[in-house]
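# Understanding the architecture of this molecule
Chain residues, written in single-letter form:
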Amino acid sequence: MSYAFTMYETVNQSGILSEMCCILEYQGEKIPFPLKKNYLVFGTELEEGDFLLGDDGEPQIREVMIVEILTPEYYNGEYCRECAKDVCMTIVGLDTEKRINSLSSGKCEYDKDLSGYRIRLKFGLREVKRNEVSSYLP
């Protein structure tokens, strides 16, 4: 299971971001057009990691958790950026495993296909051994 799925469940169970509809990127859930509420879309990017010094076993897996924030058109880009700050602070606060070691944000942009604003957050995660990641994505 990916850490994005773990954080998706944690955010849903905490109720802290209840004004946002949380979905998983790879479940194929449709986002309505035009947007009428805020959405958080959780996803994962996996990369081949390096070998640990002195470990001849499997290389590690480098995971990046992606969280996209989508806000309706009647809000402005500033609102989208404020939502991004709140989401960042919330997710870092809910990271009880302390896996998040970096965070970067894309530019908040208007998406005419969704008729709303979008910003993409990348949470760099601590590497884990491949055998600890037996069933990452469905």
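Keep in mind it's a predicted model, so treat the numbers as computed, not measured.

## Here we look at unusual backbone geometry
Of note in this structure, Lys98 is not a glycine but carries a positive phi near 55°. Mapped onto the elements of the fold, Lys98 is located in the loop between α2 (77-94) and β4 (100-105).

## Observations regarding the packing of aromatic side chains
Pairs of aromatic rings are described using the distance from one ring centre to the other and the angle between the two planes. Following the criterion strictly, the structure yields 5 aromatic pairs and no others. Members of the aromatic cluster, each reached through a chain of ring pairs, are Phe5, Tyr8 and Phe42.

## Observations regarding the state of the cysteines
Tallied over the full model, the rule gives 0 disulfides. In this structure Cys80 is a free cysteine whose sulfur lies 3.3 Å from that of Cys108, the closest cysteine sulfur available. According to the relative accessible area criterion, Cys80 is buried, its value standing at 0%. Look at Cys108 and you get buried, because its relative accessible area is 13%.

## Description of the nonpolar core
Among the nonpolar cores identified, the biggest contains 27 residues, and Leu40, Phe42, Met65, Ile69, Val87 and Ile91 are the most heavily contacted of them. Of all elements in the fold, only α1 (3-14), β1 (20-24), β2 (38-48), β3 (60-72), α2 and β6 (116-125) reach the threshold of two or more residues within this core. Considering every element that reaches this core, the biggest residue donor is α2, with 7 residues. Those residues within four positions of Phe42 in sequence are excluded, and the remaining contacts are Ala4, Met7, Tyr8, Val11, Cys22, Ile23, Leu24, Glu25, Met65, Ile66, Val67 and Ile91. Ile23, Val41, Leu70 and Leu114 belong to the second largest nonpolar core, which has 6 residues in total.

## Overview of the environment of Thr44
Here Thr44 lies in strand β2. Judged by its relative accessible area of 12%, Thr44 falls in the buried class.

## Let's talk about the environment of Tyr8
With respect to the secondary-structure elements, Tyr8 resides in helix α1. Once you skip the residues sitting within four places of it in the chain, Tyr8 turns out to touch Cys22, Ile23, Leu24 and Phe42.

## A few points about the confidence of the model for the protein chain
Here the protein chain averages 78 in pLDDT, and 77% of its residues register 70 or above. Mean pLDDT per element in the protein chain: strand β7 (residues 128-129) is the minimum at 60, and β6 is the maximum at 89. The low-confidence segment residues 130-138, where pLDDT is below 50, has 19 contacts with residues more than four positions distant or belonging to other chains.

## Looking at α2
Over its 18 residues, α2 runs 26 Å from end to end, which matches the ideal 26 Å to within 8%, given 1.5 Å per residue. For α2, the complete set of buried residues consists of Gly77, Cys80, Cys83, Ala84, Val87, Cys88, Thr90, Ile91 and Leu94.

## Thoughts on the environment of Lys37
Mapped onto the elements, Lys37 comes out in the loop between β1 and β2. The spatial distance from the C-alpha of Lys37 to the C-alpha of Leu70 is 8.3 Å, given a sequence separation of 33 residues. In contact with Lys37, other than residues within four places in its own chain, are Cys21, Leu70 and Pro72.

## Some thoughts on the pattern of salt bridges
According to the stated counting rule, one finds 5 salt bridges in the structure shown. With a closest N to O distance of 3.2 Å, Glu78 and Arg81 form a salt bridge. Linking Glu78 with Arg81, this pair stays in helix α2, spanning 3 residues, or about one helical turn. Of the charged contacts in the structure, one is a salt bridge between Glu82 and Lys85, with a shortest N-O distance of 3.3 Å. With a gap of 3 residues between them, Glu82 and Lys85 both fall in helix α2, about one helical turn apart.

Basis of the calculations
- Residues numbered from 1 in each chain as written.
- Predicted model: local features only at pLDDT ≥ 70, side-chain atom pairs only at ≥ 80, totals over all residues.
- Heavy atoms only, no water.
- Helix = DSSP H or I, 4+ residues; strand = E, 2+ residues; numbered from the N terminus.
- Phe/Tyr/Trp six-rings, centres within 6.5 Å; stacked < 30°, edge-to-face > 60°.
- Disulfide = S-S within 2.5 Å.
- Buried < 20%, exposed > 50% of the residue type's maximum accessible area, 1.4 Å probe, protein only.
- Core = buried A, V, L, I, M, F, W, Y, C linked by side-chain atoms within 4.5 Å.
- Contact = heavy atoms within 4.5 Å.
- pLDDT = per-residue confidence, 0-100.
- Expected span 1.5 Å × (residues − 1).
- Salt bridge = Lys/Arg side-chain N within 4 Å of Asp/Glu carboxyl O.

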